[in-house]
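Take a look at the letters that make up each chain.
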Amino acid sequence: MFNNLFPYLCPSLFETSMSTLKLNRFPKSNSSSLQAFNAADELIHATFPSLSGEVGIFNDAFGYLTCQYHNNNPIVVCDLQSQVISAKKNLKANHLALDQKNFKQLFDLKSNALETVLFKIPKSNEAFEMYLQFIHQAIKADGRVVCGFMTKYFNAGMVTIAEKYFKDISQTKATKKARLLLLSNKKEVETPFQKLNNLTYKDLTVKQYYGVFSADKIDYATEFLLDNLTIPEQTDNVLDLACGNGIIGKVVAQKTNIENLHFIDDSSLAIASAKLNNIEKQQYFHHHYNLHEFEDNYFDWILTNPPFHFGHIIDISIPLMLFEESYLKLKPNGRLTVVANASLGYLPTLEKLFKKVETNRNNPKFIIYECWK
């Protein structure tokens, strides 16, 4: 049975080739060395060049798998809004198309609907288990899961987690430093995985879905920002940018009389977490990777601990884009507050954009930039 589920167990025999698709990273990266796919993507397609039945594609960063398997009319499950847009842009660039209804979020999945799942393993084990629980619910009893990852990121915890949900587990040999983790024969799970984690900051408790950044504790940079928060005089319209679980906005709301408080994040799980922790009136939640939906000159204050990782890759193109958009969306004399790792070197970009930048709060690891338009 296992060999029928996974007919190709020696992918090292396959010569994976560079993609013939036209693929771009989105949002666009300033690093020319970063591609829109990696060897794990190629290994999945080389090992399973054709599929039948209902196919689900999970955590496809830029749409490589979505494009390769578009003829299967797959269900594409994305946490990040940028993943959806990237997949759609790359489908269009290659004259391919999928209906909007094919793109789902984790909470939208039907039970026992999929025969094959192709899954790019995310960075954290917590996110891996979060995805895997939803996959377990969505896949048929005789279904199979093909998990792709780069070998250098493997850890034994992946197998331990997989064993909670599937009876048959195998790994392929490495090809171009990538491997597959193959799962089938799903178990009956009596105790569902706890989707939420409780985090504390001083006397404040916030809830957060697994898979959201800094799953088991408040991020140290965020703590540093909150410990050194200076409130501007004008706080009618405030944005918690890349909000994660929304703790920055929550603390600001406690310390000010805000007319309108907005939360925005690329991750649907982050927005769901922020909603758990912020339920006051005049609070608005936006699942997006950029600020295009807001009018220029709208915000009095924007606060952010911006992301600089995309999966395992460091890419500061995203925070630099967010700084530029923040400038446009701030009112004249509005303020952007940024906390960041001191080594990332955001200062030159911020000084080009803003009329005044102060960096008077820092420690050896983190720095807070106060920027006035």
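Rules of the game
Each residue is numbered by its place in its chain's sequence as written, counting from 1. Confidence filtering applies because this is a predicted model: local features only for residues at pLDDT of at least 70, side-chain atom pairs given and counted only at 80 or more, and all residues used for totals across whole chains, interfaces and linings. To get the side-chain values, all heavy atoms of the structure are used, and hydrogens and water are removed first. Helical segments are the DSSP runs of H or I of at least four residues, strand segments are the runs of E of at least two, and each set is numbered from the N terminus. In this scheme, a helix's expected span is set at 1.5 Å multiplied by one less than its residue total. Think of it in three bands: residues with accessible area under 20% of the maximum for their type are buried, residues over 50% are exposed, and the middle band is partly exposed, with areas taken using a 1.4 Å probe on protein chains only. Residue contacts follow a heavy-atom distance rule, with two residues in contact if any of their heavy atoms lie within 4.5 Å. Two N or O atoms count as a polar contact when they lie within 3.5 Å, although within protein this holds only if one can serve as hydrogen donor and the other as acceptor, and sequence-adjacent residues are included solely when both atoms are side-chain atoms. For two strands to pair, DSSP has to find at least two bridges joining them. With axes taken as lines fitted to C-alpha atoms, and helix axes fitted only over the stretch in contact, angles between N-to-C directions fall between 0 and 180 degrees. Salt bridges are defined as contacts in which a side-chain nitrogen from Lys or Arg sits within 4 Å of a carboxyl oxygen from Asp or Glu. Here is the rule for angles: anything less than 35 degrees is roughly parallel, anything more than 145 is roughly antiparallel, 65 through 115 is roughly perpendicular, and the remaining ranges are oblique. In this scheme the handedness of a crossing depends on how the near helix is turned from the far one: anticlockwise by less than a right angle means left-handed, clockwise means right-handed. We call Asp, Glu, Lys and Arg charged. Ala, Val, Leu, Ile, Met, Phe, Trp, Tyr, Cys and Pro are nonpolar, and the rest, Gly among them, are polar. The pocket and cavity definitions rest on a 1 Å grid over protein atoms only: a 1.4 Å probe that fits but cannot leave marks a cavity, an open set with protein on both sides within 12 Å along at least five of seven lines marks a pocket, and residues lining either have an atom within 4 Å of a point. Grid points are joined across faces, edges and corners, and a volume is the space filled by probe spheres set on the points.

**Some points on helix α4 (residues 81–93)**
And step 1. With 13 residues, α4 extends 18 Å between its outermost C-alpha atoms, agreeing within 8% with the 18 Å of an ideal straight helix rising 1.5 Å per residue.
And step 2. The complete set of buried residues in α4 reads Q81, S82, Q83, V84, I85, S86, A87, N90 and L91.
And step 3. Count one or two residues on from α4 and you reach H95, which has phi positive near 60°.

**Details of helix α2 (residues 39–47)**
And step 1. Counted residue by residue, α2 has eight buried out of nine residues, so it is predominantly covered.
And step 2. The set of residues buried in α2 consists of A39, A40, D41, E42, L43, I44, A46 and T47.
And step 3. Buried residues along α2 sit in contact with α3 (64–68), β4 (114–120), β5 (139–150) and β7 (178–186).
And step 4. Between the side-chain oxygen at the start of α2 and the backbone nitrogen of A40 there is a gap of 3.0 Å, and the oxygen is on N38.

**Points about the sheet that holds β5**
And step 1. Here we have seven strands laid out as an open sheet, ordered β3-β2-β1-β4-β5-β7-β6, and mixed in their pairing. The open sheet is flanked by β3 (103–104) and β6 (166–171), the only strands paired with a single partner.
And step 2. Docked against the sheet, α2 engages β4, β5 and β7, running at close to 55° with respect to β7.

**Remarks on the pattern of salt bridges**
Note that side chains of opposite charge can pair when their charged atoms are close.
And step 1. Applying the stated criterion to the full structure yields ten salt bridges.
And step 2. K331 is the partner of D300 in a salt bridge, and the nearest nitrogen-oxygen pair spans 3.2 Å. Placement of D300 in strand β13 (residues 299–304) and of K331 in strand β16 (residues 330–341) is noted, with a sequence separation of 31 residues between them.

**Describing the side chain of H136**
And step 1. One can find H136 in helix α5 (residues 125–138).
And step 2. Setting aside chain neighbours within four positions, we find H136 in contact with Y165, F166, K186, K187 and V189.

**What about the sheet that holds β16?**
And step 1. An order of β12-β11-β10-β13-β16-β18-β17 is seen for the seven strands of this open sheet, with the pairing classed as mixed. Both outer strands of the open sheet, β12 (283–287) and β17 (356–362), are each paired with one neighbouring strand and no more. Across this sheet, the average inter-strand angle for adjacent strands is 15°, counted without regard to direction.
And step 2. Judged from the five bridges that link them, strand β11 (residues 260–265) and β12 form a sheet pairing that is parallel. Bridge assignment links D265 to a residue of β12, and that residue is H287.

**Notes on the environment of S184**
And step 1. Within the secondary structure, S184 sits in strand β7.
And step 2. Residue S184 is classed as buried on the basis of its relative accessible area of 0%.

**As for the packing of α5 against helix α6 (residues 156–165)**
And step 1. Between α5 and α6, the least distance of the axes is 10 Å, while the angle of their chain directions is 20°. Considered as vectors, α5 and α6 are oriented roughly parallel to each other. The crossing of α5 and α6 is right-handed. Packed against α5, whose contacting residues are N125, F128, E129, L132, Q133 and H136, the element α6 presents G157, M158, I161, A162, K164 and Y165 at the interface.
And step 2. Residues that form the contact of α5 with α6 fall into these classes: six nonpolar, four polar and two charged.

**Brief notes about the environment of L229**
And step 1. Looking at where L229 falls in the secondary structure, it is placed in the loop between α7 (220–227) and β10 (237–241).
And step 2. Among all residues touching L229, those that are not within four sequence positions of it are V251, V252, W301 and L303.

**Some thoughts on the layout of surface pockets**
Space left empty within the atom packing is revealed by a probe, the size of a water molecule, rolled over the atoms.
And step 1. The volume enclosed by the second largest pocket comes to roughly 280 Å³.
And step 2. In this structure, the second largest pocket is lined by 15 residues; those nearest its centre are I75, K104, K110, A113 and L114.
And step 3. Of the residues contributing to the lining of the second largest pocket, the split by class is six nonpolar, four polar and five charged.

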